[in-house]
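Summary of structural features
Spelled out from the first residue to the last, the chains are:
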Amino acid sequence: MKELSSSVRAPARVLVNSSQLGGFVSDAFQTRNVEIGFLGYTGETLYNALYHRLEFLFDNLGPTKRFSIRM
């Protein structure tokens, strides 16, 4: 069971630039546990990538069961 759960986990990305952030966030929301760690000059970049995805969670959780953002 342990091997199975680790084999379906998305690989962690160490660094994502702002042009890749939207795709990274979209991929994260396809998993059961969404964990995003963000370090940036302002939170506006992350806000723009997250806003519509978070609104969508109100109507359709999909596979997402837990959501965490660390800034």
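Structure report, in brief. (Residues numbered from 1 in each chain as written. Predicted model: local features only at pLDDT ≥ 70, side-chain atom pairs only at ≥ 80, totals over all residues. Heavy atoms only, no water.)

1. Here we look at the overall build of the protein chain
Helices and strands together make up the secondary structure of the protein chain, namely three helices and two strands. From first element to last, N terminus to C terminus, the protein chain shows the α and β order α-α-β-α-β. Burial analysis of the protein chain (71 residues in total) assigns 18% to the buried set. Counting every atom, the protein chain has about 6000 Å² of accessible surface; 55% of that belongs to carbon and sulfur. (Helix = DSSP H or I, 4+ residues; strand = E, 2+ residues; numbered from the N terminus. Buried < 20%, exposed > 50% of the residue type's maximum accessible area, 1.4 Å probe, protein only. Areas by Shrake-Rupley, 256 points an atom, 1.4 Å probe, with all protein chains shown as cover.)

2. Side note on helix 2 (residues 21-28)
Of all the residues in helix 2, the buried ones are Leu-21, Phe-24, Val-25 and Ala-28. In a view along the axis of helix 2, the buried residues occupy a sector of 95°, so they form one face of it. At its buried positions, helix 2 is contacted by strand 1 (33-37) and helix 3 (44-59). (Arc of directions from axis to C-beta. Contact = heavy atoms within 4.5 Å.)

3. Some remarks on the pairing of strand 2 (residues 66-70)
When strand 1 meets strand 2, the two strands line up parallel, connected through five bridges. The residue of strand 2 that forms the bridge with Ile-36 is Ile-69. (Pairing = 2+ DSSP bridges.)

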